[in-house]
Amino acid sequence: MRATWTILRREVYALFVSPMAYVMLTTWLIWCGVTYWFLASYFVGQQFSGGPQDSPLTMFFGQTTLFYLPLLVFVPLITMRLLAEEHARGTIELLMTAPVTETQVVLGKYLAAIVFWMALWAPTGLYVYLTSVYGHVDLGTVATSYFGILGVGVYYLALGTLMSALARNPIVAAILTFLVLGGLFLIGVGQFLADENRDLFAYLSIWGHMESFSRGVIDSRYLVFDSTVAAVALAFAIGALKLRRIEG
Amino acid sequence: MIEVRDLTKHYGSHEAVRGLTFDVPRGQICGFLGPNGAGKSTTLRMLTGFLAPTRGAISIGGVDAIEEPLEARKALGYMPEACPLYPEMRVGEYLRYRAALKAVPSGEIAGRVESSLKQASVSDVAHRIIGQLSKGYRQRVGLADALVADPPLLVLDEPTAGLDPNQIRQVRELITELAKNKTVLLSTHILPEVEALCDRVLIINRGKLVSEGEPGTLRGQIAGRQVIRLEGRGARGAFEDVLGALPQVKIIDGPKALSGSGEHQIVQARLEAEDPDAVEIVFGAIAKAGLTLRELRRQEASLEDVFADLTTDEPEEPDADDSDLDEKDEEE
C-alpha cells in the first residue's frame, strides 16, 4: 500500500514537471473554453424547455462527442511514459529491484494517470459555476456527468497503461494506445450505423457513455463495463511485467 | 552473504549463464570479472531479483531470493550498469523517493537520505536536477541510492565504467570505505580495479565460472612465468631466427619492425618464459648473433595475463570440450 502511494506520488510529480503536461492542460482548457462558449452562445435567447438535456452543461458533457476527439490523443500522451519510459531509460531495473511487487508498480502508475485525468477536468468546474450564476444548474446531473468522465478515464487510461507495459519505448506505447482507442471510438460510431448489436457498440463508445451520464442517469452497465475492461487491462499489464522478469 | 547454486539463465535458446555456483562471504569485496558479454550483468540481475533464473538457487543473507524476493531485495542495494536515474528529479527528492520505495520508515527517511548523501559525497548537489549532473556525480548519486536503505549488501554493476581517472579513484576509495561494514559484489572488466579493490575474484567466461580466489592466488597460478619485453636494432628476420631458436622462450608477440629498414630496423618482441634465467639466455643469444639490444625487461605476469589465459575464446566445438573433459577424467 505504501509502495503504491510512493510510486503514485513520484509519477504525478514526473507528469507535472514535464512541459507536456502543461501543453496538454492548456490546450484542453482552450478547447473546452471555446466549445463551452459556443454552447452557451447557442443557448442565449433560447427558451429553456426545462428538461435536463437543454442546458449548455448537458450538451457540454454529453451531446457533443466530437469534442472528445482530443482525448484520443491526450490519453496516449498521459499513459505512454508510465512504464515504457522506465524501460527506455533503464530505470525499470531500479524500480523492479526495490522491494515492491508488480501489482504495486502498475497500480501506482495507473492511479497517477487517473489523478492527472482529474486535473485535466478540474478547470471545467468553472463552467458549472458560471452557468449556475446565470441560470439553473442541476447539481445531480453535473455529479453524474463527472462520474461518467471518471468512468471513461478508468477505461481509457487502463488500456494506455497496458500499452505502456507492453512497449519498450514511450512513442511506441503512445501509437499503440492511439490505435486501440481510435479503433474503439470508430466502433462506437457503429451505434449510429448498425441495425443490430447497437447496444454492444454503445458500450464501447464514450459517446454512449456520456450521453447517458450527462442526462443524470447512472447506467450501471457502463460502470461494470469500464471497471471490467480496466481490471483486465491492468491484470495483463501486471502479467507483462512478470513475464519480463522471466523473458529478460 | 550470497550463496548461489547452479544458477542458469536462458534467453530463448541462448544460454547466458550456465550453472554458476559460488559464495560471497560477509564483509568481503568480491570482484566479478569477465569479458563483455560473459554473463556478468545477467548474473547480477538475477541476484537482485530483476530477472528470474531459468534454474538454480539464490540465497541473500540467508533468505531464499526466489521464494521470498521482497525480503531478499530489502537486504541489498543495487546500482545497475550505466547507472540509470530519473533525470527530471532533484538529487534529494530522488533519494527520498527511493528510501520510501525501499520501505525505510517515514521517520528515518530524512536522516538516511542525509547520511547517504554524505557517504557518497554528493551533499553539495542535493538540490540540483539529476539530468544536469556530470557522469561522475550521477554515478555517485547511484551509489547513494544503493546506500539509502543501509542494506548489508551492495551489488554494483561496473561502478567505474565511463568515468575519468580522478572519478574512478574517488569511486574506488568510496567503495573501500563502504566495505568496512558492508559486503560488496562488483562487476568489472577492468583488471587493475580488481587488484586495487577486491578481497576475492570470481572470473566468468561465456556464462561459466572459470576461476575464483584471491587476486594474489590467481596471479600465483601463473607464478614463475615471466613476460620479457625486448627492443633491438637489426633485421627483423634475424631477430625472428635467433629468438625462434631458443627452446626456453616462447614468442607471444612479434618480432615486428617499428621503423628503419634493412640492418637498421627497430624491432620489438614480447616473449614468455618459465626459466628464471631466460633473460640472460636471450641476451647471450642476441649478442652472439651480432644484433644490437636497446631494451630487455622482465615483467611479472599480471592478473591481465591470468585473465587472458582463462577467458581467451577457444573455438567453440562441443567435441573439443568433451575430449578435454574426458582427458581430465582419465587423469583423475
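Computed from a predicted structure; not experimentally measured. (Residues numbered from 1 in each chain as written. Chains lettered and ligands numbered in written order. Predicted model: local features only at pLDDT ≥ 70, side-chain atom pairs only at ≥ 80, totals over all residues.)

### A word on the overall build of chain B
So, step 1. On a plain count of helices and strands, chain B comes out with 12 helices and 14 strands.
So, step 2. On the principal axes, the C-alpha backbone points of chain B span a range of 80 × 50 × 35 Å.
So, step 3. Taken across its 332 residues, chain B has 39% of its residues classed as buried.
So, step 4. Within chain B, counting contacts between residues at least 6 apart in sequence, those at least 24 apart form 68% of the total. (Helix = DSSP H or I, 4+ residues; strand = E, 2+ residues; numbered from the N terminus. Buried ≥ 20, exposed ≤ 12 C-beta atoms within 10 Å, placed from the backbone. Contact = placed C-beta atoms within 7 Å.)

### Brief notes about the overall build of chain A
So, step 1. Looking only at helices and strands, chain A has 13 helices and 0 strands in total.
So, step 2. Of the regular secondary structure in chain A, the N- to C-terminal order runs α-α-α-α-α-α-α-α-α-α-α-α-α.
So, step 3. Evaluated residue by residue, chain A yields a buried proportion of 40% over its 248 residues.

### Observations regarding the confidence of the model for chain B
Residue and element names in this part refer to chain B.
So, step 1. Chain-level pLDDT for chain B is 83 on average; 91% of the residues reach the 70-or-more range.
So, step 2. Mean pLDDT values for the elements of chain B range from 38 in helix 12 (residues 318-331) up to 95 in helix 3 (residues 91-101).
So, step 3. Low pLDDT, under 50, characterises residues 315-332; the predicted model gives this stretch 1 contact beyond four residues in sequence or across chains.
So, step 4. Complex prediction metrics read pTM 0.81 and ipTM 0.86. (pLDDT = per-residue confidence, 0-100.)

### Comments concerning helix 7 (residues 102-121) of chain A
So, step 1. For helix 7 of chain A, spanning 20 residues, the distance from its first C-alpha to its last is 29 Å, which sits close to the expected 28 Å at 1.5 Å a residue.
So, step 2. For helix 7 of chain A, the set of buried residues is Gln104, Val105, Val106, Leu107, Gly108, Lys109, Tyr110, Ala112, Ala113, Phe116, Trp117 and Leu120 of chain A. (Expected span 1.5 Å × (residues − 1).)

### Quick look at the packing of helix 7 of chain A against helix 9 (residues 139-166) of chain A
Residues and elements named next belong to chain A.
So, step 1. Remark: helix 7 packs on helix 9, axes separated minimally by 9 Å, with the N-to-C direction vectors making an angle of 135°. The angle between the axes of helix 7 and helix 9 places the two elements in the oblique class. Relative to helix 9, helix 7 is oriented so that their crossing is right-handed. Along its contact with helix 7, which presents Val106, Lys109, Tyr110, Ala113, Ile114, Trp117 and Trp121, the element helix 9 presents Ile149, Gly153, Leu157, Ala158, Gly160, Thr161 and Ala165.
So, step 2. Taken together, the residues that form the contact of helix 7 with helix 9 break down as 10 nonpolar, 3 polar and 1 charged. (Axes fitted to C-alpha atoms, helices over the stretch in contact; angles between N-to-C directions. Parallel < 35°, antiparallel > 145°, perpendicular 65-115°, else oblique. Left-handed = near helix turned anticlockwise from the far one by under 90°. Nonpolar A, V, L, I, M, F, W, Y, C, P; charged D, E, K, R; others polar.)

### Comments concerning the nonpolar core
Across soluble globular proteins, nonpolar side chains have a tendency to be buried as a group.
So, step 1. Within the largest apolar cluster, 118 residues are counted, with the highest numbers of intra-cluster contacts made by Val106, Leu157 and Ala158 of chain A together with Ala144, Val155 and Val184 of chain B.
So, step 2. Listed in part, the 12 residues of the second largest apolar core include Val142, Trp207, Met210 and Phe213 of chain A. (Core = buried A, V, L, I, M, F, W, Y, C linked by C-beta atoms within 7 Å.)

### Points about the interface of chain A and chain B
So, step 1. Chain A puts 19 residues into the contact, and the matching count from chain B is 21 residues.
So, step 2. Contributions of two or more residues to the side of chain A that touches chain B are made by helix 1 (2-17), helix 6 (92-96) and helix 13 (220-247) of chain A.
So, step 3. Among the elements that make up the side of chain A that touches chain B, the one with the highest residue count is helix 1 of chain A (5 residues).
So, step 4. Its residues assigned to classes, the side of chain A that touches chain B shows 9 nonpolar, 6 polar and 4 charged.

### Here's the deal with the confidence of the model for chain A
So, step 1. Model confidence for chain A is summarised by a mean pLDDT of 85, while 90% of its residues fall at 70 or above.
So, step 2. Of all the helices and strands in chain A, helix 11 (residues 198-204) of chain A carries the lowest mean pLDDT, 69, while helix 7 of chain A carries the highest, 94.

### A look at the sheet that holds strand 3 (residues 29-33) of chain B
All names here are of chain B.
So, step 1. Taken in spatial order, the 6 strands line up as 6-7-8-3-9-10 in an open sheet, and their pairing is mixed. A single partner strand is all that each edge strand has here, and the edge strands are strand 6 (76-79) and strand 10 (208-213). Going across the sheet, the axis of each strand differs from the next one's by a mean of 15°, ignoring polarity.
So, step 2. With 4 bridges joining them, strand 3 and strand 9 (residues 200-205) adopt parallel strand pairing. Residue pairing for strand 9: Cys30 is matched across the bridge by Arg200.
So, step 3. In this fold helix 1 (residues 40-47) packs onto strand 3, strand 7 (153-157), strand 8 (183-188) and strand 9, with an angle of close to 150° to the strand it touches most, strand 7. (Pairing = 2+ DSSP bridges.)

### Structural notes on unusual backbone geometry
In terms of backbone geometry, most residues other than glycine have negative phi values and most peptide bonds are trans.
Residue and element names in this part refer to chain B.
So, step 1. One non-glycine residue, Asp150, lies in the positive phi region at around 50°.
So, step 2. Given 16 C-beta atoms within a 10 Å radius, Asp150 is considered partly exposed.
So, step 3. Despite not being glycine, Arg206 shows a phi value in the positive range, around 45°.
So, step 4. Structurally, the position occupied by Arg206 is in the loop between strand 9 and strand 10.

### Some words on the sheet that holds strand 5 (residues 63-64) of chain B
Residues and elements named next belong to chain B.
So, step 1. The strand order across the open sheet formed by 4 strands is 2-1-4-5, and the pairing between neighbours is antiparallel. Every interior strand has two partners, whereas the edge strands, strand 2 (14-24) and strand 5, have only one.
So, step 2. Of the pairings in the sheet, the one linking strand 1 (residues 2-11) to strand 2 comprises 7 bridges and is antiparallel in character. By the bridge assignment for strand 2, Glu3 is matched with Asp23.
So, step 3. Its contacts with the sheet put helix 1 on strand 1, strand 2 and strand 4 (55-60), and the angle it makes with strand 1 is roughly 120°.

### Considerations on the environment of Thr144 of chain A
Residue and element names in this part refer to chain A.
So, step 1. Its location among the elements puts Thr144 in helix 9.
So, step 2. Given 22 C-beta atoms within a 10 Å radius, Thr144 is considered buried.
So, step 3. Distance from Thr144 to Met210, taken between C-alpha atoms, is 9.4 Å for residues 66 residues apart in sequence.
So, step 4. Beyond its immediate sequence surroundings of up to four residues, Thr144 is in contact with Phe213, Gly216, Val217 and Ile218.

### Focus: the pairing of strand 10 of chain B
Along any regular strand, the residues point their side chains to alternate faces of the sheet.
Residues and elements named next belong to chain B.
So, step 1. As defined by bridge partners, strand 9 adjoins strand 10 across 5 bridges and the pair is classed as antiparallel. What sits directly across from Asn205, in strand 10, is Lys208.
So, step 2. Counting the residues between successive antiparallel strands, the hairpin from strand 9 to strand 10 contains 2 residues, one of them, Arg206, with a positive phi of roughly 45°.

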